[in-house]
Each structure stands twice: as structure tokens, then as C-alpha cells.
Amino acid sequence: MAPAEILSGKVVSGQVRDRLKQQVVEMTEKFPGFRPGLAILQVGNRDDSNLYINMKLKAAAEIGISANHIKLPNTATEADVLKCIASLNADPAVHGFIVQLPLDSDKPINTEKITNAVAPEKDVDGLSSINAGKLSRGDLGDCFIPCTPKGCMELIRQTGVQVAGKRAVVIGRSKIVGAPMHDLLLWNNATVTTCHSKTSTLAEEVGKADILVVAAGKAEMVKGEWIKPGAIVIDCGINHVPDSTKASGKRVVGDVAYNSAKEKASFITPVPGGVGPMTVAMLMQSTVESAQRFLEKFQPGKWTIQYNQLTLQTPVPSDIEISKSCMPKPIEQVAKEVGLFPDEVELYGQTKAKIQLSVLKRLQNQPDGKYVVVTGITPTPLGEGKSTTTVGLVQALGAHLHQNVFACVRQPSQGPTFGIKGGAAGGGYCQVVPMEEFNLHLTGDIHAITAANNLVAAAIDARIFHELTQSDQALYSRLVPSVNGVRKFSDIQIRRLQKLGINKTDPMALTKEEINAFVRLDIDPGTITWQRVLDTNDRFLRKITIGQSVTEKGFTRTAQFDITVSSEIMAVLALADGLDDMKKRFGRMVVASSKKGQPVTADDLGVTGALAVLMKDAVKPNLMQTLEGTPVFVHAGPFANIAHGNSSVLADKIALKLVGKDGFVVTEAGFGADIGMEKFFNIKCRYSGLRPHVVVLVATVRALKMHGGGPAVTAGVPLPKEYTEENLQLVAKGCSNLNKQIQNARMFGVPVVVAVNAFKTDTKAELALVVQHAKEAGAFDAVECTHWAEGGKGALALARAVQRASQAPSNFRFLYNVELPVVDKIRIIAQQVYGARDIELLPEAQEKVALYTKQGFGNLPICMAKTHLSLSHDPEQKGAPTGFVLPIRDIRASVGAGFLYPLVGTMSTMPGLPTRPCFYDIDLDSVSGEVNGLF
């Protein structure tokens, strides 16, 4: 018969590499910024290992695989190696991961333990027990196969011979080649015999083989005359035998006597140039396959999510009873379900986690989902259920309509939790859970804000004190001290010098005049706008005197405490689009003016970097879940009057990427549409660059009756009968407020869906009347909702309406150009949103307009601080009042956050405790550790 056809591993591996190179190109085109990643971990510095690794690195570079060679010294311990493996297992950029064997360490290391520590889904060498077990069971599509057997199979396929039904013989039973080769042939339907050193009839067994794979490690052990005519011979051996004709005195041969075997076989692999090149090619192929599996599993917007089934009860139990009855999913499961990587998730126990901002970079090329904002009509003091509606809507969209959906909500202040208002986790069967975690410390963001805010406050008074008691030279010596004989400006001091127009970096080069300008902030105490904060309702801190200790040398001034969520740092957190942006905003925060009228900033105080350090974790959104298992970001909670009253830009941006282009992100704006929604559009969307698709406007029969002339609604007092009995006349009259708020939303060019939040005392006729009025007023749709009592099921009609509205044209536009004069911007909001005839600036407000314009802040957006209980400045004026003049008492600046806030009337920034605060009912079960009495 004719000599055997040569199976060249060089040729076939070249074809494999070309194919893989094209696959990588297609992968990166489909997923910009993505590259398959291979990590090679080496212990020690063996020459042969270095040679093999360089071959692998070169092949990876040719194909387009990002390869990383991690080299540990030969002094590395087993623990060192395992720690490195754990890090690589958790790295989402690593898709293939091999440990180069043997391990060249002078410390005892269990090789089996090391190879089994590699995550099976990254074990492209196929050496872990899990992958070996899957192969032995025939799960070929769900495991990685060792590279040499995989290469052998590829060479066998090149022959065109069908493996199924053939008799195969494997010589050798190593874990790396022989044993997996047996399994691979077996599950490709060959009849397989494994031979080894104890096989007594080796020649006889070889003579039966249609396919012979030899991996014995013994030079030319298999003789040509043993081979069955026409057999396929795959020689995995690499051996060195003496050869005086070679310069090295030796040559490389396989385990098969090649010259005689090729006369009997139909196909045969040479040594070298046969199986060897295939091993590296198969490693590359497994890495690319792993990357493809990774992309399939973590494809952005492709969620596989498990929802929780509600067990509804009538009557509806208390919020905390419902929350306790729910068994939340482990938060790491929620994170995995929505496509977050393990290294992007920082666990805070079992039910909450922080999310790394790096996810935005990873998903930067992914399209955003649909953006929905929930707002409301002008509310009663009891609130009309925006948070409950937000949660109900996402539960309906997710758990019932199986859409990717995220809720993005504000973190509540802890103060009202123990006061009178209660929490903000939603209510009934529409809650963020665990609600006690949500309403209390959560992950400590508000405490971080408290610390950061009060550091600024301390810095202000300390700076005034030191400037009053020291000369220029003494201040300079302390601000720029000599350390080991060297004086050096810090980075933030360099920025101050540049601001002053002093372009010097040598502290010894400043003139006396420059030193004076540098060390003297010269703060006018009467202009200080920065207050200390506390996250507790404490009315006796509304006005205090500080500096009464004798150590303060008579420097006292009147000051106050605000509640933490009113801090500008909270507003900055909510509007920042990253750590660097947050840091820059901190630096721009104006805390006072100098006696010459110049703004004094946090950067001038030198505190910006310290604030960023205190807030470095708070900037990461918090992940939680709803009762029905849909994901929620809880992040930031600025006041809705002196600030913009919306959750963070960062949470919204991350959520929009995670849900994918067909998913939904539902966020909530504080108070009524005239306040929270207007600020959401004109401030939050202006800074974020995001464009909303739908407005959900929450209305209740109760609030509409109030606007129609019903009696006063007071928290803690039973509702008058007008609110518990049918009264269509009051509802119809009160719809003037609903109509105006619909117009306000449509003014921005966004479709409006009205959610009529039904209470048990509402009649069908009343609810139908509200729906009718809403549609007549121009709402895209209006639907009755019963989500408080039924969970997501009760908001299905709302969810479907939102889906339809999101497909409608949205011609979003801002209400005003920020370049307009301050007074004109205020007038536009007052007239177009509130219905005012005009505005009136009181003398203090007029002075502030002039001051802020002079200081360069006149082009900031406007954040109106007015009552939420009326469209006007008078909380007693209900409905949709017109013809009034809106008085502007004062104007203040949150320059770091990026807005001016005119004060309409008096704004309390520190709530007080009522006669009977909520804390009377709150207790901790000392046995179970459960919180009781929380709402």
C-alpha cells in the first residue's frame, strides 16, 4: 500500500489560528472594547516552561487574544499561588486561565489542589476534576478538554474518517493525555481500549486499532509491524535519542517507529511537527470558546431572573409584616441576574451591595433602555404613593411582563423614620426589601455625607479662628511646613495659587503680598451659608451659638444644624457622573464670601481631597430588590425643595445600560410635578444628558377632593367623611390640579400616563371620573392601579400603558436656556409651571441676584424652594390657582451641585419631633434580632 499521508500539525494549527483570528475580529466588532483574555500563571523560572509560555504568548498575540503572564518566584507558597488563582478567577477580563506545570517552587505545593482551584469555566487546560468528570460523563459541550487530546481529535477529523464505530486504542493513561483521550474517543462513539505499561498483549491490541493514539513517553515503543494496515496513527510522544549526525548529539523521536509505521498507516503524525503545534492552537481555541461562552452568559441586557411569588392577604398587613414575610434573594444572585460581574459587586451582608462605577466603562458602548420618571399631582400632607407606584410599576414590568426593569429611588433620611413621616420603601405589597435596612443605615452613605459636611463646617470656623490669631508669616509657616528641611505646596495649594494668579511652585519664592493673598481667606462670618448637619430630627439645633469655650478666645457666632439630606454634599452626590466629577463639584462648593465679596470655596479651604476620600464609597449606588425580586438602585436622597429631590444620575446611568435597549428604568421625582419633575427635567436631565421617554403622574381621589375644596388633611388625624364617602363634585372640581400637572409634564414634550392610585374608600365612579378627566386633559393614557394591595399584578394596566407610551414620540425639551438672566429663569418657572402672573423679588433676593451674577454663577439652572402643598407659594391655595404674584424672599447658591435656589417663603431644613414620635413603637427583639414597629 502507499505510504501514509502526513498529518501536519503545523498546517492544521495554522488553519485553526486563522479561523480563531477571524472569530476574534468578529467578536470585537460586535462587542467594541472586548477582547478574549488568557492568563498564564507560572511559579519559578524553568527554562522549558519559559519556552512553552513564550510560544503561547506569541500565538495569543497573533490571534488577538489579550494574554497576561503572571510570574511568581520559586519561593512562593501554596497559599500565595491559591491567592493569585482566586484573583484571576474573579477577574472578568480573564476568560482562559492556565497554571504552567510543573510548579517550580522550593516550598511544598499540592499540584492537584492548585489545578482544582482554577475556576472550571476558565480552566482552558481542562485539568480540573470538574472538567475531567464532565468529560468522563460525556458532557462535551459543557467542559474544557485538555489541549493535547483536543488537538489529536482535530487531526483525526482532518482525515475525513468517521470516528463512530471504529476501534480505537490509546496507549497511556495520564490525566493530561491518555485518560481524557480515551473519554473523548468513547463519546465520539468509538470502541476504545486503553493500554499501558502493564498490558501484556500490547502488540496484539495495537494490531486491532483503526485509530491509534500513543502517549506512552517511550521512544519508538510501537513498531511499524504492529500497526493495522490503513490505521490512523497519532503520535503524542516527544523523546530524545542519541544521534551523532546532529550537532547536539541527539534527535527528537516519537513513541512510534515512524519510518516503518508510515508504510502501514493511512495517516500519521510526524514528530516533531505533528501533535505539538496543535496543543498551543487548541489552548487558543479553548480561550476563544470560553470568551464566547462568557459573552453569551453575560450578554448585556440578557437577563435570566427569578421572581418571588407574593402571598396576598386581606386585609393587607403592616408594611414591616409584609417585608418580614418575604425571603429576599441573596443580593449576589440579584447582581448576577442583571449582568453584573463579581468584581463589580461589594456585598454588605446578604441583602444589599454597592456597585462599582467601573461597570459604566464596561458597558459604555451598550444602548440605553427606556427612561421613565414617576411624579405626582400636588399632594396632601400624607403623600399620594409615588414610591409605592414606582415599585408596583417595576414589579409589574418585571415579574409579570418579563421585561428587564430597574427601579432607581432615593435613600430616605433616618430622621423622619423616628419622627412622624415614616419610611420611603413603598408600602403594602410594593416595597423595597428588607425595608428596615432601606430605612435605617443602609450602607452608611448618609453618615459619610454627615462626616464630610461637618468637616467643611469645622474647616471654616477653624480657618477664621487661626486667621484672627496669627500673623501672615505664622500662618504661612503652618500651612506650608518644613518637613525634613523641605517646604512644598500640596496639590490643592497649587490650585489656590493658580486661582490667585500666582504661577509659582517654590514656597520660598512668594512675596509678602503673595503670602498674604495665599494665607488669608478673610471670610466674612455674616456670609457663611454652610451649616453643620445631623440625620436626626432635632428642633433645638435650628439656631445655636458656637465658640463659647474659653479656648476659642471670644470668637462666637450664631449658627444652625440642618438635617443631613439638605446638605449640598448630598445634592452633589446625586448629580455627579463619576468620582472625578464629584471631586470637582466638591471643590466648587461655595461656603461663604470674603470681606471683599469674593466666593470662598471648599478648594480654598483645602478640604476637597479629604471630602472625596470620605465619599469614595458613598458614590457607588446601592443594590437592593423589591418584594417580587426585581432589582432596585437606592442612591442619594437630596431635599426636594432646597435641592432637586431626585436619586442619583450614576444609578440611572448604570441601570439604563444594564436593562438594555428594550428594558426600562423607573425613577421617582420628589413632591409634585411642579417641583420634583420640573427639577428632574431642568436640572438632573440637563447635567446627565439623559432623555426621558415617559412621565407617570400619580393621582389619588383623596388629593383631588382636597383640591376641590375638601377639609384640611392632617397627618395623624382621621380623615373627614368627605374623603371616605363618594363625592363626585369635589373630585371633578379638584381635577383642575390634575389638568395643570398634566400640562406641566407635556410642556417638556414627554408623553404622560396617569396612575390613579386607588384607596379602599374610593368608589368606582370616582376612579372612573379621574380617568376620564385625565384623558380629556391630554394624558397619553390613564389607568386605575391597585398595586398597594395586589403588588405588581395591580399595576399591570399601568405597565402596559407605559410600554405603549414609551413607543410614542418624545420630543423632550428644557423649559429655559440657562444663559438667560436669573430673574427671567425664575419668572418662566413661576408663570409656566405654577400659573403665577408674575414674581416679586424682595430686597435680599435682589442683592443675591446681583452678587451671584457678579461672581459668575448667573448661568446656573434654577432650583425653586417652595411649598409642595400648593402650586403657589401659599399652602392653603389648592387646585390650580392663577393670577398670584410669587414672592422670592432670598436666593442661595449650591455652586458645587450646580444650581441657584430661590426661597419662596420660609424653608425648614431641620424637622422637629412630634409629641408622639414613631420611636415609641420601634423595638428590637433581643432573641431573633428582628426590628419591630417600623411602620
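Scroll up to find the structure.
### What to know about the sheet that holds strand S3 (residues 66-72)
Next, step 1: Spatial ordering of the open sheet is given by S3-S2-S4, a layout of three strands whose pairing is parallel. Either end of the sheet is taken by a strand with one partner, and the two such strands are S3 and strand S4 (96-99). Going from strand to strand, the sheet's axes swing by 15° on average, the running direction of each strand aside.
Next, step 2: Judged from the four bridges that link them, strand S2 (residues 37-43) and S4 form a sheet pairing that is parallel. When the sheet's bridge partners are listed, leucine 38 is paired in S4 with glycine 96.
Next, step 3: Across the sheet, helix H2 (residues 47-63) lies against S2, S3 and S4, angled at about 170° from S2, the strand it touches most.

### Overview of the nonpolar core
Side chains of a nonpolar character, in soluble globular proteins, are inclined to be buried together.
Next, step 1: Formed by 150 residues in total, the largest nonpolar core has its most connected members in Leu738 and Val754.
Next, step 2: Among the elements that take part in this core, helix H17 (residues 445-469) stands out by supplying nine residues, more than any other.
Next, step 3: Aside from chain neighbours lying at most four places away, what touches leucine 738 is Ile377, Leu697, Ala699, Leu704, Val754, Val770 and Ala774.
Next, step 4: The next biggest cluster of nonpolar side chains, apart from the first, holds 55 residues, and it includes Phe31, Ile232, Met278 and Met282.

### Re the pattern of salt bridges
Next, step 1: One pass over the full model with this rule turns up 46 salt bridges.
Next, step 2: Of the charged contacts in the structure, one is a salt bridge between glutamate 154 and arginine 157, with a shortest N-O distance of 3.6 Å. In this pair, glutamate 154 and arginine 157 both sit in helix H6 (residues 147-158), three residues apart, roughly one turn of the helix.
Next, step 3: Between lysine 504 and glutamate 514 there is a salt bridge, and its shortest N-O distance comes to 2.9 Å. Here glutamate 514 lies in helix H20 (residues 512-519) and lysine 504 lies in the loop between helix H19 (491-499) and H20, a separation of 10 residues in the sequence.
Next, step 4: Here lysine 504 falls in the partly exposed class, since its relative accessible area comes to 27%.
Next, step 5: Through salt bridges with shared partners, a single ionic network connects Glu346, Lys616, Asp617 and Lys620.

### Points about empty space enclosed by the protein
Next, step 1: The final tally for this structure, using the stated rule, is three cavities of 30 Å³ or more.
Next, step 2: Volume-wise, the largest cavity comes out at about 50 Å³.
Next, step 3: Around the largest cavity, the lining residues are Phe97, Ile98, Val99, Thr115, Val118, Asp123, Asp125, Leu127 and Ser128.
Next, step 4: In terms of residue count, S4 provides more of the lining of the largest cavity than any other element does, three residues in total.
Next, step 5: Per-class residue counts for the lining of the largest cavity are five nonpolar, two polar and two charged.

Here is what the cut-offs are and how they apply
Residues numbered from 1 in each chain as written. Predicted model: local features only at pLDDT ≥ 70, side-chain atom pairs only at ≥ 80, totals over all residues. Heavy atoms only, no water. Pairing = 2+ DSSP bridges. Helix = DSSP H or I, 4+ residues; strand = E, 2+ residues; numbered from the N terminus. Axes fitted to C-alpha atoms, helices over the stretch in contact; angles between N-to-C directions. Contact = heavy atoms within 4.5 Å. Core = buried A, V, L, I, M, F, W, Y, C linked by side-chain atoms within 4.5 Å. Buried < 20%, exposed > 50% of the residue type's maximum accessible area, 1.4 Å probe, protein only. Salt bridge = Lys/Arg side-chain N within 4 Å of Asp/Glu carboxyl O. 1 Å grid on protein atoms, 1.4 Å probe; cavity = no way out; pocket = protein on both sides within 12 Å on 5 of 7 lines; lining within 4 Å. Points joined across faces, edges and corners; volume = space filled by probe spheres on them. Nonpolar A, V, L, I, M, F, W, Y, C, P; charged D, E, K, R; others polar.

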